[in-house]
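Spelled out from the first residue to the last, the chains are:
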Amino acid sequence: MAGGFSVSASASASSGTEFEAKITPIVIISCIMAATGGLMFGYDVGISGGVTSMDDFLREFFPTVLKKKHEDKESNYCKYDNQGLQLFTSSLYLAGLTATFFASYTTRRLGRRLTMLIAGVFFIVGVIFNGAAQNLTMLIIGRILLGCGVGFANQAVPLFLSEIAPTRIRGGLNILFQLNVTIGILFANLVNYGTAKIHPWGWRLSLSLAGIPAGLLTLGALFVVDTPNSLIERGRLEDGKAVLKKIRGTDNVEPEFNEIVAASRVAQEVKHPFRNLLQRRNRPQLVIAVLLQIFQQFAGINAIMFYAPVLFNTLGFQSDASLYSAVITGAVNLLATLVSVYSVDRVGRRMLLLEAGVQMFLSQVAIAVVLGIKVTDRSDNLGHGWAIMVVVMVCIYVSSFAWSWGPLAWLIPSETFPLETRSVGQSITVCVNLLFTFVIAQAFLSMLCHLKYAIFAFFSAWVVVMSLFVLFFLPETKNVPIEEMTERVWKQHWFWQRFMDGDNHHIVNSAGKINTV
Ligand code: BGC
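Residues numbered from 1 in each chain as written. Predicted model: local features only at pLDDT ≥ 70, side-chain atom pairs only at ≥ 80, totals over all residues. Heavy atoms only, no water.

Where we set the bar: UniProt positions are given in the numbering used here, feature names are shortened, and annotations may be inferred rather than shown by experiment.
Per an unreviewed UniProt entry, the chain goes by the name Major facilitator superfamily (MFS) profile domain-containing protein and belongs to Zizania palustris. Looking at the Subcellular location (unreviewed entry) heading of the UniProt record, one finds this comment for the chain: "Membrane". Its UniProt record, at the heading Sequence similarities (unreviewed entry), says of the chain: "Belongs to the major facilitator superfamily. Sugar transporter (TC 2.A.1.1) family."

See below:
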């Protein structure tokens, strides 16, 4: 009887529908808890811009920048161009990208859940160093520890979400990670808005309140169950099956269980994960994961997220007004991410990315034109009307990023790698993301100083390139079960199928049996 059931479920799985799975409370709660890893990432992204534009903070750690800021002589675009200040923002990303290689090991060997717990502990210690910082060294050490947390969290959370989610809402659940990133950024902006008025220790409060997301992730990691894929990959087959039954809300999990077991057999053969990742058959996922991260960062989002207050200040907004504008962009970022949660499994990944490409391009060009005409080196008065126009354009840009490249650059790599390369693939994803986040964080203020308004034209050119890439090379992955990507996506794609020759992967036949072909 059970066999009969699995035949039909399995057959339907490979013909386009999916395994039996209810949307159970435990899945939703686990995802919400795990996704708080994104909260911390977002808070770190959002907090530094506001803090680095606070005079009290600059006086304590970067007195030369403070002097420059208040001297009228300096070109508007160059006031904040200081390597030390940029290092404060970007040290976190350097640490994160290094940590991710260790995280790759822990996600494979210890599981997704424990890796999240490690991240939480790093975050907590990092927050203590930051909040109590007496000198630049403590400040940077704190940022480095937070970076390690980001490396571990961004490695484990997207995988956890993609693996635990039922196929038909996988995109939406995975985007809870990005939703938390945007909540973190907004929360940070709001905090900065308030603490900027508390002298002289407001910045300390800003850095310390990161303890809230850090605590939430740690607690969350203590309560969630690990994913069936990870349990099975580590040889705990019975535990994996029990979890699968629990999260799917049914006893009929045999077809999905078999598919994961088959994938994990292949995974267990792998002795050198990084070398395996470089094999020809893994090329499509690898190329796409790497390019998505580079593109995500060259879309220019963090120029706005890190430096919105600084940027708006540069444009002639008063300090308070600029933090206020950063709060608006933060809110738009969050709301637009909800659009993505809703639509990603309906209209699909490609549609969102392509539509957003057009919107991002047009808004960036408009910003470049207004700034080019209106902001000169010495006169920083954009004028009320134009200033509002820039904020509106920034919001249009941010919203399109938020329903496309923001979440999808995390979602797509986490769902396209087969189990055997998923951990290591994700670590490359995180590493490249943080590397390019670092590049932008470190270079943006200097680029702003040298390129001026043309920096937005620079980003818009990238948007064209990445949209063309999506158009021709990115396959649609909506509604495809996670362990069936090779068969149903890569082997069918006009370009990538050539890398699948000689692929001797497992296939689960319609009787739920594993065949190697
Ligand atoms: C990116 C971050 C960015 C954030 C903005 C994330 O997906 O990885 O670099 O700051 O989106 O919401």
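**Quick word on the overall build of the chain**
As a reminder, the rule being used: The secondary structure listing takes helices from DSSP runs of H or I that are at least 4 residues long and strands from runs of E that are at least 2 residues long, numbered from the N terminus. In this scheme, a residue with accessible area under 20% of its type's maximum is buried, one over 50% is exposed, and one in between is partly exposed, where area comes from a 1.4 Å probe on protein chains only. Contacts are assigned to residue pairs that have any heavy atoms within 4.5 Å of one another. The Shrake-Rupley method, run with a 1.4 Å probe sphere, supplies the accessible areas, and residue values consider only the shown protein chains as cover.
Counting its regular elements, the chain contains 23 helices and two strands. Taking all 517 residues of the chain together, 62% fall into the buried category. Look at the contacts in the chain between residues 6 or more apart in sequence, and 80% of them connect residues 24 or more apart. Counting every atom, the chain has about 18400 Å² of accessible surface; 68% of that belongs to carbon and sulfur.

**Details of the side chain of Thr24**
For Thr24, the location among the structural elements is in the loop between α1 (2-14) and α2 (25-51). Once you skip the residues sitting within four places of it in the chain, Thr24 turns out to touch Lys246, Ile247, Arg248 and Gly249.

**Examining unusual backbone geometry**
For residues other than glycine, phi is negative in most cases, and the peptide bonds are mostly trans. That bond from His199 to Pro200 is cis: its omega, -5 degrees, falls within 30 degrees of zero. Positionally, Pro200 belongs in the loop between α8 (170-195) and α9 (202-208). Positive phi, normally seen in glycine, also occurs at Lys452, with a value near 55 degrees. Tracing the chain through its elements places Lys452 in the loop between α21 (419-451) and α22 (454-473). Taking relative accessible area as the criterion, Lys452 reaches 23% and is therefore assigned partly exposed. At Asn479, a residue that is not glycine, the phi angle is positive and equals roughly 65 degrees.

**Let's talk about a nonpolar patch on the surface**
Note the threshold: What makes a patch is a set of residues exposed beyond 30% relative accessible area and free of salt bridges, joined within 9 Å when like-charged and within 5 Å when nonpolar (Val, Leu, Ile, Met, Phe, Trp, Tyr). Only one rule defines a salt bridge in this text: a Lys or Arg side-chain nitrogen within 4 Å of an Asp or Glu carboxyl oxygen.
There is a patch of nonpolar side chains on the surface, built from Val358, Phe361, Leu362, Val365, Val369, Ile373, Val464, Leu468, Leu471, Phe472 and Trp494 and spanning about 1000 Å² of accessible area. Here the nonpolar patch takes six residues from helix α18 (residues 349-374), the largest share from any one element. Within the secondary structure layout, Leu471 lies in helix α22.

**Remarks on the pattern of salt bridges**
Summed over all chains, the structure comprises 15 salt bridges. In this structure, Glu163 engages Arg422 in a salt bridge whose closest nitrogen and oxygen atoms are separated by 2.8 Å. With a gap of 259 residues between them, Glu163 in helix α7 (residues 136-164) and Arg422 in helix α21 connect regions that are remote in the sequence. Using a relative accessible area of 0% as the deciding quantity, one classes Arg422 as buried. Ionic pairing is found between Glu256 and Arg248, a salt bridge with its closest N-O pair at 2.9 Å. For the pair Glu256 and Arg248, one class covers both residues: buried. Within the structure, one salt-bridge network assembled from shared partners comprises Arg112, Glu163, Glu233, Arg422 and Glu483.

**Points about the nonpolar core**
Here is the rule we go by: Only buried residues count toward a nonpolar core. Its members are Ala, Val, Leu, Ile, Met, Phe, Trp, Tyr and Cys residues joined through side-chain atoms within 4.5 Å.
Ranked by size, the top nonpolar core spans 149 residues in total, and within it Phe41, Phe57, Met116, Phe123 and Trp405 carry the most contacts. For this core, the element with the most residues is α21, which contributes 14 residues. If sequence neighbours within four positions are ignored, Phe123 has contacts with Met40, Asp44, Leu146, Gly149, Val150, Ala153, Ala214 and Leu217.

**Remarks on the site of the ligand**
We apply this condition: Any residue with a heavy atom lying within 4 Å of a molecule or strand is counted as near it. Two N or O atoms form a polar contact when they lie within 3.5 Å of each other; inside protein one atom must be a possible hydrogen donor and the other a possible acceptor, and for residues adjacent in sequence the pair counts only when both atoms belong to side chains. Space inside and on the surface of the protein is sampled on a 1 Å grid over the protein atoms alone, with a cavity defined as a set of points where a 1.4 Å probe fits but cannot get out and a pocket as an open set with protein on both sides within 12 Å along at least 5 of 7 lines; lining residues have an atom within 4 Å of a point. Just a note on the criterion: a molecule sits in a pocket or cavity if more than half of its atoms are within 2 Å of the grid points. Residues are grouped as follows: Ala, Val, Leu, Ile, Met, Phe, Trp, Tyr, Cys and Pro are nonpolar; Asp, Glu, Lys and Arg are charged; all remaining types, including Gly, are polar.
Around the ligand lies a shell of 15 residues, among which Gln178, Gln296, Asn302, Asn333 and Trp410 are the nearest. Within the contact set of the ligand, an oxygen atom lies 2.8 Å away from a side-chain nitrogen or oxygen of Gln178. Burial of the ligand by the surrounding chains reaches 100%, relative to a free accessible area of 310 Å². In a pocket analysis with a 2 Å cut-off to the grid points, the ligand is assigned to the largest cavity. Broken down by secondary-structure element, the contributors of at least two residues to the shell around the ligand are α2, α8, α15 (283-298), α16 (301-314) and α20 (405-416). Considering every element that reaches the shell around the ligand, the biggest residue donor is α8, with four residues. Of the residues assigned to the shell around the ligand, the class counts are seven nonpolar, eight polar and no charged.

**Topic: helix α5 (residues 83-109)**
Cut-off, in case you're wondering: To estimate the expected span of a helix, count its residues, drop one, and scale the result by 1.5 Å. Axes are fitted to the seven residues ending at a residue and to the seven starting at it; the angle between these axes is taken as the bend at that residue.
For α5, which comprises 27 residues, the first-to-last C-alpha distance of 39 Å matches the rise-based estimate of 39 Å (1.5 Å per residue) to within 8%. The largest bend in α5 comes to about 45 degrees, at Thr89. Downstream of α5 by a residue or two, Gly111 has a phi angle that is positive, lying close to 105 degrees.

**Re empty space enclosed by the protein**
Selection criterion: Grid points are joined across faces, edges and corners, and a volume is the space filled by probe spheres set on the points.
Throughout the structure, instances matching the rule amount to three cavities of 30 Å³ or more. What the largest cavity holds in volume is close to 150 Å³. For the lining of the largest cavity, the elements supplying multiple residues, two or more each, are α2, α8, α15, α16, α20 and α21. The class makeup of the residues in the lining of the largest cavity is eight nonpolar, eight polar and no charged. One number sums up the size of the second largest cavity: a volume of about 100 Å³. Forming the walls of the second largest cavity are 14 residues, and the residues nearest its centre are Phe19, Thr167, Arg248, Glu256 and Ile482. The set of elements that each furnish at least two residues to the lining of the second largest cavity consists of α7 and α13 (254-269). With three residues, the top contributor of residues to the lining of the second largest cavity is α13.

**Quick notes on the side chain of Asn192**
As for its position among the elements, Asn192 is in helix α8. With a relative accessible area of 0%, Asn192 lands in the buried category.

**Focus on the packing of α18 against α22**
Threshold: For helices, the axis comes from a line fit to the C-alpha atoms of the stretch in contact; other axes are also lines fit to C-alpha atoms, and the angle between any two N-to-C directions lies between 0 and 180 degrees. Relative orientations are named as follows: roughly parallel for angles under 35 degrees, roughly antiparallel for angles over 145 degrees, roughly perpendicular for angles from 65 to 115 degrees, and oblique for any other angle. The sense of a crossing depends on the near helix, which, turned anticlockwise from the far helix by less than a right angle, makes the crossing left-handed and, turned clockwise, makes it right-handed.
The geometry of α18 relative to α22 is characterised by a closest axis approach of 8 Å and an angle of 165 degrees between their N-to-C directions. In terms of axis orientation, α18 runs roughly antiparallel to α22. The element α18 and its partner α22 pack so that their crossing is left-handed. Judged by residue contacts, Arg350, Leu353, Leu354, Gly357, Met360, Phe361, Gln364, Val365, Ile367, Ala368 and Leu371 of α18 engage Phe456, Ala457, Phe459, Ser460, Val463, Val464, Met466, Ser467, Val470 and Leu471 from α22.

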